[in-house]
Amino acid sequence: MTREEIIREENLVYKKPELLNDVPMHYCPGCSHGVVHKLISEVIAEMGMQEKSIGISPVGCAVFAYKYIDIDWEEAAHGRAPALATAVKRLLPDRLVFTYQGDGDLACIGTGETIHALNRGENITIIFINNAIYGMTGGQMAPTTLLGMKTVTCPYGRDPKLHGYPLKITEIAATLEGTCYVTRQSVQNVGAILKAKRAIRKAFEYSMQGKGSNLVEIVSTCNTNWKMTPEKANQWMEENMFPFYQLGDLKDNGNK
Amino acid sequence: MAEKEITLMKGNEAIAHAAIRCGCDGYFGYPITPQSEVLETLAEQKPWETTGMVVVQAESEVSSINMVYGGACTGKRVMTSSSSPGVSLMQEGISYLAGAELPALVVNVSRGGPGLGTIQPSQADYFQTVKGGGHGDYRLITLAPASVQEMADFVDLAFELAFRYRNPAMILSDGAIGQMMEKVVLPPFKPRRSEEQIASECPWATIGRKGGRKPNIITSLELRSEEMEIINLRIQAKYREIEKKEVRFEEYMTDDAEYLIVAFGSAARISKKVISIAREQGIKVGLLRPITLWPFPSAKIAELGSRMKGILTLEINAGQMVEDVRLAVECKVPVQYFGRLGGIIPEPEEVVEVLKKMVK
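All values reported here derive from a predicted model rather than from experimental measurement.

Quick look at the packing of helix H4 (residues 81–91) of chain A against helix H3 (residues 61–73) of chain B now. If you want to describe how two helices pack, look at the angle between their axes and the distance between the axes. The N-to-C vectors of H4 of chain A and H3 of chain B enclose an angle of 50°; their axes lie 7 Å apart at closest approach. With respect to each other, H4 of chain A and H3 of chain B are oriented oblique. Taken as a pair, H4 of chain A and H3 of chain B cross one another with a handedness that is right-handed. Contacts from Ala-83, Leu-84, Ala-85, Thr-86, Ala-87, Val-88 and Leu-91 of chain A in H4 of chain A reach Ser-63, Asn-66, Met-67, Tyr-69, Gly-70, Gly-71 and Cys-73 of chain B in H3 of chain B. In the contact of H4 of chain A with H3 of chain B, the residues fall into nine nonpolar, five polar and no charged.

A separate point is the nonpolar core. Residue and element names in this part refer to chain B. Membership of the largest hydrophobic core comes to 184 residues, with the highest contact counts inside it found for Leu-105 and Ala-158. Counting residues per element, this core draws most heavily on helix H7 (residues 148–165), which supplies 11 residues. Counting residues domain by domain, this core receives three or more from each of domain 1 (6–195) and domain 2 (249–359). Those residues within four positions of Leu-105 in sequence are excluded, and the remaining contacts are Met-79, Val-155, Ala-158, Phe-159, Ala-162, Ala-169 and Ile-171.

Another aspect to go through is the sheet that holds strand E9 (residues 217–218) of chain B. Spatial ordering of the open sheet is given by E9(A)-E7(A)-E8(A)-E4(A)-E3(A)-E1(A)-E2(A)-E9(B), a layout of eight strands whose pairing is mixed. The open sheet has two edge strands, strand E9 (248–252) of chain A together with E9 of chain B, and neither has a second partner. In this structure, strand E1 (residues 53–57) of chain A lies alongside strand E3 (residues 96–102) of chain A, joined through four bridges in parallel fashion. Paired with Gly-55 of chain A across the strands is Phe-98 of chain A, a residue of E3 of chain A. On top of the sheet, helix H9 (residues 190–208) of chain A reaches E3, strand E4 (125–130), strand E7 (179–186) and strand E8 (213–219) of chain A; it is set at about 165° to E7 of chain A, its chief contact.

Let us look at the interface of chain A and chain B. Chain A puts 28 residues into the contact, and the matching count from chain B is 31 residues. Put simply, the parts of the chain that give the side of chain A that touches chain B at least two residues each are E1, strand E2 (72–75), H4 and helix H6 (111–119) of chain A. Inspection of the sheet shows E2 of chain A paired to E9 of chain B by two bridges, in the parallel sense. Bridging from a neighbouring strand, Trp-73 of chain A pairs with Ile-217 of chain B of E9 of chain B.

Residues and elements named next belong to chain B. With mixed pairing, the seven strands of this open sheet are ordered in space as E3-E2-E4-E5-E7-E6-E13. In the strand order of this sheet, the two ends are held by strand E3 (54–57) and strand E13 (292–294), each with one partner. Here the strands of the sheet are splayed against their neighbours by 20° on average, with no regard to which way each runs. Pairing between strand E4 (residues 78–82) and strand E5 (residues 104–110): four bridges, direction parallel. Bridging across to E5, Ser-81 finds its partner in Val-107.

Residues and elements named next belong to chain B. Here helix H2 (residues 37–45) has its buried residues at Glu-37, Val-38, Leu-39, Thr-41 and Leu-42. Those residues of H2 hidden inside the fold are in contact with strand E1 (6–10), helix H1 (11–21), strand E2 (26–29), E3, E4 and E5. Just downstream of H2, Lys-46 is the residue with a positive phi angle, here 50°.

Another aspect to go through is unusual backbone geometry. Here the residue pair Thr-33 of chain B and Pro-34 of chain B is connected by a cis peptide bond, since its omega of 5° sits within 30 degrees of zero. Tracing the chain through its elements places Pro-34 of chain B in the loop between E2 and H2. Along the chain, Trp-294 of chain B connects to Pro-295 of chain B via a cis peptide bond; the corresponding omega equals 0°. One non-glycine residue, Ala-132 of chain A, adopts positive backbone phi at about 65°. Among the secondary structure elements, Ala-132 of chain A is positioned in the loop between E4 and strand E5 (133–134). Unlike most non-glycine residues, Cys-331 of chain B shows phi in positive territory, near 60°. Its place among the elements puts Cys-331 of chain B in the loop between helix H13 (321–329) and strand E15 (335–339). Using a count of 9 C-beta atoms within 10 Å as the deciding quantity, one classes Cys-331 of chain B as exposed.

Residue and element names in this part refer to chain A. Following both chains from N to C, one finds H4 and H6 inclined at 35°, their axes separated by 7 Å at the closest point. Of the residues in H6, those in contact with Pro-82, Ala-83, Ala-85 and Thr-86 of H4 are Glu-113, Thr-114 and Ala-117. Taken together, the residues that form the contact of H4 with H6 break down as four nonpolar, two polar and one charged.

All right, on to the domain arrangement of chain B then. Residues and elements named next belong to chain B. As assigned here, chain B comprises domain 1 (6–195) and domain 2 (249–359). Here domain 1 and domain 2 have C-alpha centroids that lie 27 Å from each other. Across the contact, 25 residues belong to domain 1 and 20 residues belong to domain 2. Only helix H6 (126–130), strand E6 (141–143), strand E7 (168–174) and helix H8 (175–179) provide two or more residues apiece to the side of domain 1 that touches domain 2. For the side of domain 1 that touches domain 2, the element with the most residues is H6, which contributes four residues.

What follows deals with the confidence of the model for chain B. With 99% of its residues at a pLDDT of 70 or more, chain B has an overall mean of 97. Interface confidence in the predicted complex, given as ipTM, is 0.95; pTM for the same model is 0.97.

Each regular strand shows side chains that alternate between the opposite faces of the sheet. All names here are of chain A. Of all seven residues that make up E3, seven are buried, and the element is covered over most of its length. Both faces of E3 are covered, namely the face carrying Leu-96, Phe-98, Tyr-100 and Gly-102 and the face carrying Val-97, Thr-99 and Gln-101. For E3 and E4, the ladder comprises five bridges, and the chain directions are parallel. Bridging from a neighbouring strand, Gly-102 pairs with Ile-129 of E4.

This part is about helix H2 (residues 33–46) of chain A. Residues and elements named next belong to chain A. When the terminal C-alpha atoms of H2 are compared, their 20 Å separation across 14 residues agrees well with the 20 Å that a helix rising 1.5 Å per residue should span. Considering only its buried residues, H2 is in contact with E1, helix H3 (65–68), E3, E4, H9 and E8. Positive phi appears at Gly-48, one or two residues downstream of H2, with a value of about 70°.

Definitions and limits used
- Residues numbered from 1 in each chain as written.
- Chains lettered and ligands numbered in written order.
- Predicted model: local features only at pLDDT ≥ 70, side-chain atom pairs only at ≥ 80, totals over all residues.
- Axes fitted to C-alpha atoms, helices over the stretch in contact; angles between N-to-C directions.
- Helix = DSSP H or I, 4+ residues; strand = E, 2+ residues; numbered from the N terminus.
- Parallel < 35°, antiparallel > 145°, perpendicular 65-115°, else oblique.
- Left-handed = near helix turned anticlockwise from the far one by under 90°.
- Contact = placed C-beta atoms within 7 Å.
- Nonpolar A, V, L, I, M, F, W, Y, C, P; charged D, E, K, R; others polar.
- Core = buried A, V, L, I, M, F, W, Y, C linked by C-beta atoms within 7 Å.
- Buried ≥ 20, exposed ≤ 12 C-beta atoms within 10 Å, placed from the backbone.
- Domains from an automatic or database assignment.
- Pairing = 2+ DSSP bridges.
- pLDDT = per-residue confidence, 0-100.
- Expected span 1.5 Å × (residues − 1).

Take a look at the structure:
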């Protein structure tokens, strides 16, 4: 069989989403970002929103998200993506507007923008990648770093007396009147990936229906800065992250 | 011909009315004295029900300027206003706007600093505005109104310049012009641009890649130094073009002048009174009022300076623009500064005394 015969449509069981650009990714092997990018690409295509989507990328590992998903993008200053998204959605209400942010960007330097955009009920979706560490700058302590967890700025483990406590910003978001859908997901196996995809789809749909702001947290790994193999990182996440950052919907007012 | 409608209002109110009338699509701001009437007037006018202009009270000036950044990315006419401490908070965002080459308008109704300072008028943000208060090699097109009428007129002009050069523009005003009431003729209504117009006039705008066009990506990031240098050189070339084409100033009684006052905004108004008193006392003095603080009318000042016995800059700060005036005349003419600080407005009489000492 020739290659062309093998890749005929009826033989295909899996293919790269069309919106995912065919370029080398800068993410480390084993990183969760690639999977989440794939899910967003699939959901936008399935909703037929390729020509109406505007993504806002953060400062952090996902700063180059704009290279990978084939839609219009704006690259924000550190932490300010929800402010950009607010303006874009207010000025272009029929567009699908989402931000893609890490824990340092969203839950530390951008806490104000995050809380207030969510509480104003802006019809946007915030995709929040929580890997409990600053990845791009080399593994410093994040607001979401677990107690006892070692990073280059808490090399003896996060100590609440020195560093305070990990921040559950998603729980805070669920208490805000302006939020419609607040959920915590993960992408470490096929089942989790399918659930996360459904959550992203739901959030995007609610935002287009004008039901308020939506936050999808994806508890993720950073195997490079956690200094683990991708497989070990997933295991560590399940054993240590999930008990503190419990998965599931925290709020779903979409059908109210 | 219909008579022009003359109304009486504050400078801050004029900014708001002019914004609605010149097809502004979005205003994002945060309260701060002495400029809060801009947001208050917009809220009271409800332009979202008439022109469709969006008005958002943000959670901070940091957020305001980043909303402006997001809105500017869509090719819309977006603006914010604030006063000195708030504008300090916006500097990062202004640098990003310049870096991403985005058109937007920032209005600074400045007050005395440093720090929390005072709520009284000041021109102490000159350095911050024209020397780049944020990081990196960038410039801000800066218009300095000296009346409520100019507050109204400069809104549309600032947007025009911002879009012509894809660069943020600033109206650098002060608490006196923001708060004082004067007669003003508001600009005629101009409709907001349609989405089709924006798509054709701003092909770079991130409004969704309609018709399968290549994605638009707006960023100020480029990690490859060679590429980043090329981007910087292109931006610098744009700045040289602005310096060549967009210098604006007003000349007043300079024809027979032996002495020249250089002053902008409120200080220029005071200077006109100074000139009238000084001329009564036989001192031939004129005024050069920079309307654009960047690009600065250096060539004009050099030309005028070459036939002056001395130049006085009158500033409501500790002497900031005086540095640019000295550079302009290359120290061939004595250049002196006078000003008051802390929110005090100089009295014409005290300036005349300074002139008299210069003449002696």
